[in-house]
Amino acid sequence: MTQHTYTRNAIAQMDANDPMAHLRDRFELPEGVIYLDGNSLGALPKGVNERLQKAVTEEWGKGLIRSWNDADWYPAPQRTGAAIARLIGAGEDEVVVCDSTSVNLYKVLVGALRMRKDRKVIISEQGNFPTDVYINAEVADMMGYELRCVAPEDVEQAIAEAGETLAAVQLTHVHYKSGRIYDMKGITEQAQTLGGLVIWDLAHSAGALPVDLNGCNADFAVGCGYKYLNGGPGAPAFLFVASRHLAEMHQPLAGWHGHAKPFAFTQGYEPHAKIDQMLTGTASQLGLIALESALKVFADVDMSALRKKNQQLGDLFIALVEQELDGMGFELASPRDGAARGSQVSLTHAEGYPIVQALIARGVIGDFRAPDILRFGFAAPYVSYQDIWDSVSHLREIMKTGEWDQAKFKTRQAVT
Ligand SMILES: *Cc1c(COP(=O)(O)O)cnc(C)c1O
């Protein structure tokens, strides 16, 4: 038996001393739910519903097309980008919100490769998020580059081996399954020293960790609006282009919103000089309005304090899993060291899928990632230390009673 180090009382004290505890009030969370999936779909911030009601009823319903000007719809991609820029260490004029992460990765990657036409190699990770893998592969094939996907621990060596043939490195900063964090500064510097460019996917970083793109001299980045940024299902994504690259950038989805003068309606394409050049078509305005409103949650939040809390939530979860679930078949699939791990902890278990379903039936919402990963995200603005204790207690009950072992928990749904 492992040593019992945590008690329920000690955990109540952790909540009482939590400087981030007040943030939970900024969210609409249903009674009886412990939400450990903010890394997949962030919770609903208060005020977003009202903001959307106003957008639909007043701005769309009454303002009609006038609202592109009168309600400031038109500059929303840039304005929302500036709000995200603060969270990721970028300049306000280096981030824009548009399209999906997948589409933005395509635009940025093709643009980056066009800046490295005389080079051959793209390095990425084996086991990267599938959309990143597919887009890297399609773009490499279409443009005649060689894609090398290597194990996470071999990335630096692969970059070194590519040497002067290195065109680009594309990595997800925080791994979606394991939560492992790459050394953004070190890898960026290593690739740039060889003349390569780096594209970071910040899907599991933005809103969870204090990212410092300019402090790392990053070239390009993309990321999600609906995960830790709480923008709502399918919220528009963001992209970052370092201002030093804007003049040379040539993105492949040239559309009228990226034009220098969209409302001149000219036939020849002339890219906008600023980050606006990364836009393609008309913004998904209701999605943008929800995201912009949701970002108010972060307006006065110290990201390093938030980071400290999610690290501690993860540490506590791991300690309690080891304390309470010893010998039940769980293995840690995330780095134990909190500094090397994003805002999530993954476990493996042979019966992972039904166990997650049984947890969800008890109101503890995590998710499952094939083949055997139980994934728990700790969005520090609304997850408490008590939630961690209660989740592990539920998990223990489910295992001890065999509650997970029922047919109703074993049928896979479309979204896991
Ligand atoms: C969630 C996620 C995406 C999602 O891309 P969409 O285009 O929004 O579906 C992309 N990359 C990573 C690493 C992710 O975790």
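Cut-offs used in this document
Residues numbered from 1 in each chain as written. Predicted model: local features only at pLDDT ≥ 70, side-chain atom pairs only at ≥ 80, totals over all residues. Heavy atoms only, no water. 1 Å grid on protein atoms, 1.4 Å probe; cavity = no way out; pocket = protein on both sides within 12 Å on 5 of 7 lines; lining within 4 Å. Points joined across faces, edges and corners; volume = space filled by probe spheres on them. Helix = DSSP H or I, 4+ residues; strand = E, 2+ residues; numbered from the N terminus. Nonpolar A, V, L, I, M, F, W, Y, C, P; charged D, E, K, R; others polar. Pairing = 2+ DSSP bridges. Axes fitted to C-alpha atoms, helices over the stretch in contact; angles between N-to-C directions. Contact = heavy atoms within 4.5 Å. UniProt positions renumbered as here; feature names shortened; annotations may be inferred. Buried < 20%, exposed > 50% of the residue type's maximum accessible area, 1.4 Å probe, protein only. Patch = residues over 30% accessible without salt bridge, like charges linked within 9 Å, V, L, I, M, F, W, Y side chains within 5 Å. Areas by Shrake-Rupley, 256 points an atom, 1.4 Å probe, with all protein chains shown as cover. Salt bridge = Lys/Arg side-chain N within 4 Å of Asp/Glu carboxyl O. Parallel < 35°, antiparallel > 145°, perpendicular 65-115°, else oblique.

1. Topic: the layout of surface pockets
Move 1: Volume-wise, the largest pocket comes out at about 230 Å³.
Move 2: As for the largest pocket, its lining consists of 13 residues, of which Asp37, Gly366, Asp367, Val415 and Thr416 are closest to the centre.
Move 3: Secondary-structure elements contributing two or more residues to the lining of the largest pocket are helix H11 (352-361) and strand E14 (367-369).
Move 4: Of the residues belonging to the lining of the largest pocket, the class tally is five nonpolar, five polar and three charged.

2. A word on the sheet that holds strand E6 (residues 146-150)
Move 1: Judged by pairing direction, the sheet is mixed, and its seven strands sit side by side in the order E4-E10-E9-E8-E7-E5-E6 without closing on themselves. Every interior strand has two partners, whereas the edge strands, strand E4 (95-98) and E6, have only one. This sheet shows a mean twist of 20 degrees between the axes of neighbouring strands, independent of strand direction.
Move 2: Note: strand E7 (residues 166-172) against strand E8 (residues 197-201), five bridges, orientation parallel. Pairing of Ala168 across the sheet is with Leu197, part of E8.
Move 3: Along the sheet face, helix H5 (residues 101-114) touches E4, strand E5 (121-125), E7, E8, strand E9 (220-223) and strand E10 (237-241) and points at about 170 degrees away from the line of E9.

3. Things to note about empty space enclosed by the protein
Move 1: The full count for this structure, using the stated rule, is one cavity of 30 Å³ or more.
Move 2: Put simply, the largest cavity is a space of about 30 Å³.
Move 3: Along its surface, the largest cavity is lined by Pro77, Val97, Cys98, His257, Leu279, Gly281, Thr282 and Ala283.
Move 4: Looking at side-chain class alone, the lining of the largest cavity contains five nonpolar, three polar and no charged residues.

4. Considering the UniProt feature "binding site: pyridoxal 5'-phosphate" (unreviewed entry) in the chain
Move 1: Here the UniProt-annotated "binding site: pyridoxal 5'-phosphate" (unreviewed entry) positions come out as Thr101, Ser102, Phe129, Pro130, Thr131, Asp132, Thr172, Asp201, His204, Tyr226, Trp256 and Thr282. A stretch of 182 residues holds the annotated residues, and the largest C-alpha distance among them is 30.6 Å, long enough that they do not meet in one place. The subset of these annotated residues that lines the largest cavity comprises Thr282.
Move 2: Structurally, Thr101 can be placed in helix H5.
Move 3: Setting aside chain neighbours within four positions, we find Thr101 in contact with Asp201, Val222, Gly223, Cys224 and Ala237.
Move 4: If you trace the backbone, His204 turns up in the loop between E8 and E9.
Move 5: The exposure class assigned to His204 is buried, which follows from its relative accessible area of 3%.
Move 6: Not counting chain neighbours up to four residues away, the residues in contact with His204 comprise Asn39, Val174, Tyr176, Lys227, Tyr228, Gln344 and Arg375.

5. Regarding a nonpolar patch on the surface
Move 1: A cluster of nonpolar residues, Val56, Trp60, Leu64, Ile65 and Leu286, forms a patch on the protein surface that exposes about 500 Å² of accessible area.
Move 2: Tracing the chain through its elements places Val56 in helix H2 (residues 48-60).

6. Remarks on unusual backbone geometry
Move 1: A cis amide bond links Ala370 with the next residue in sequence, Pro371, at an omega value of 5 degrees.
Move 2: Locating Pro371 in the fold gives a position in the loop between E14 and strand E15 (373-377).
Move 3: One non-glycine residue, Leu64, lies in positive phi territory at about 50 degrees.
Move 4: Residue placement: Leu64 occurs in the loop between H2 and helix H3 (67-70).

7. Quick word on the packing of helix H1 (residues 8-16) against helix H12 (residues 385-401)
Move 1: Remark: H1 packs on H12, axes separated minimally by 8 Å, with the N-to-C direction vectors making an angle of 150 degrees. Our classification of the angle between H1 and H12 gives roughly antiparallel. Here H1 contributes Arg8, Ile11, Met14 and Asp15 to the contact with H12, which in turn contributes Tyr385, Gln386, Trp389 and Asp390.
Move 2: Per-class residue counts for the contact of H1 with H12 are four nonpolar, one polar and three charged.

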